[in-house]
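# Close look at the chain arrangement
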Amino acid sequence: MTYLMTAPANQHSNPMRPPSNLAARDIETLIHPYTNLDAFRASGPLVLERGEGVFVYDKHGKPYIDGMAGLWCTALGHGNAELVEAAARQMGKLAFAHLFSGKSHDPAIELAEKLKEIAPIETSKIFFCNSGSEANDSQIKLVWYMNNALGRPRKKKIISRLNAYHGVTIAAASLTGLPNNQLDFDLPIAGILHAGCPHHYRFAHAGESEEDFATRLAGELEALIVREGPDTVAGFIAEPVMGAGGVIVPPATYFEKIMGVCGRYDVYMISDEIICGFGRLGTMFGCQSFGFRPHSISVAKALTSAYVPMAAVTVPQAMYEAMLEESRKIGTFGHGFTYSGHPVAAAVALKTIEIYARERIVDQAARKAPHFAARLAALGQHPLVGEARGLGLVGGIELVAEKASKRLFAARAGIGARVVAFAEEEGAILRSIVGNVVSICPPLIISTDEIDQLFDGLARALDRTLDWAKREQAFDP
Ligand SMILES: Cc1ncc(COP(=O)(O)O)c(C=O)c1O
């Protein structure tokens, strides 16, 4: 078989990044997630070498402020010696042990106890896994398992939302409400439904208040459940603030209304706290920011400040009892991963949570949030920005070609990627996500000066993008 090479391996047409041998090797060896694989052959990678605090450095020693905390995850920034030490100590003591067939180890037990202690909801047990996708896949399996134990085998459908992001494994990608995660992957699987997205700026009717919008969405959810048959709808999953789907902050009363609907039809409510957990919104968990109490939460990312992969799912007592029943019947609980509760990850998570408490990281994030919000809101005045939105230390700016009509740029303009490329030149790493949104999610340890530096870089990038857009006539529909 021969393969068509779309560009020579050593060609780097992106003038913003000088060619390097590593870049050439990368192009010939790696598949990059969430990358236009064809365009990438010309642009090549940005190869990072080290990190310190909120900064990362490329091969040439150029510093960048890590404006996305990696991928919404390095809450404690880079080079935290305590986390490195916790990992090294655990590796030296017991590098690996599993939790299968009744085996156990201290770090997993201690971490499960700690998570039960800090969980914002009634929690009986913790199930460990390694990624957000695995956590949400596990949530679905646990709900199905529970409902089989409870003698309601038809109650299996899970409702997610348009623009949601819950991961990329087969079930999680089905929950995810974004076309690029499903197109030509033959997804979603059967039994996954999508309710409306709580984005007032884009989806409210003319003149509809946030409150009325939230009421309408809750009514639509209820109508969906009734239409499908309440005896067939098992669960509802939601991020408190949607991340990868556009940094969407719901109306203040949205979750209260949604929880009312879930309660009426005995629908198990899962809060996907994979971005919002551990202080991102200025509260320990995202559901606390909106005052709702789900049945379960999924956590990952900041659980270990991303120093090693780990995720977890909380299991309430009622579900645990159903699992006991199934396990008795079948002879085992047939789910789990080799690395569920990995001792090194658990040791790092314990140290991370200790640091959150000792350094009052969540309070500090809440204290810095108004400054972050003010800098974000100021970007809303920029001619390219239709809406600047956020909560706590996460934000997004939605780029529009025309403010009054909210008209988006044509996809061919690649406007978000352009802002991100200019920001990279300006020394700030950001991310272009769906809906022409540029997301901002720095490590929680960022100082107010560093917040200024980040937003100054982004403001310059927006100005340069505006010049570019005028020059290239990118405003044309
Ligand atoms: C809210 C949310 N859920 C799930 C995931 C999936 O996590 P992972 O990439 O670790 O599978 C992500 C990843 O960004 C996320 O933001």
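## Remarks on the pairing of strand β2 (residues 55-58)
- Of the two faces of β2, the one carrying Phe55 and Tyr57 and the one carrying Val56 and Asp58 are both buried.
- By the bridge criterion, four bridges tie strand β1 (residues 48-52) to β2 in an arrangement that is antiparallel. Counterpart to glycine 51 in the pairing with β2 is valine 56.
- Linking β1 to β2, which pair antiparallel, is a turn of two residues; within it glycine 53 sits at a positive phi near 60°.
- When β2 meets strand β3 (residues 63-66), the two strands line up antiparallel, connected through three bridges. Bridge assignment links phenylalanine 55 to a residue of β3, and that residue is isoleucine 65.
- Counted between consecutive antiparallel strands, the loop separating β2 from β3 contains four residues, among which glycine 61 sits at a positive phi close to 85°.

## A few points about the environment of alanine 214
- By the secondary structure assignment, alanine 214 is in helix α9 (residues 210-228).
- Dropping the residues within four chain positions of it, alanine 214 is found in contact with Pro251, Thr253, Tyr254 and Lys257.

## Some remarks on unusual backbone geometry
- Note that the residue after leucine 187, namely proline 188, is joined by a cis bond; omega there is 5°.
- At aspartate 186, a residue that is not glycine, the phi angle is positive and equals roughly 60°.
- Along the chain, aspartate 186 turns up in the loop between α7 (170-175) and β6 (192-195).
- The exposed category is assigned to aspartate 186, whose relative accessible area is 70%.
- You will see that alanine 306, though not glycine, has its phi angle at about 65°, which is positive.
- Secondary-structure assignment places alanine 306 in the loop between β9 (296-299) and β10 (311-315).
- Exposure remark for alanine 306: the relative accessible area of 32% places this residue in the partly exposed category.

Criteria and cut-off values
Residues numbered from 1 in each chain as written. Predicted model: local features only at pLDDT ≥ 70, side-chain atom pairs only at ≥ 80, totals over all residues. Heavy atoms only, no water. Buried < 20%, exposed > 50% of the residue type's maximum accessible area, 1.4 Å probe, protein only. Helix = DSSP H or I, 4+ residues; strand = E, 2+ residues; numbered from the N terminus. Pairing = 2+ DSSP bridges. Contact = heavy atoms within 4.5 Å.

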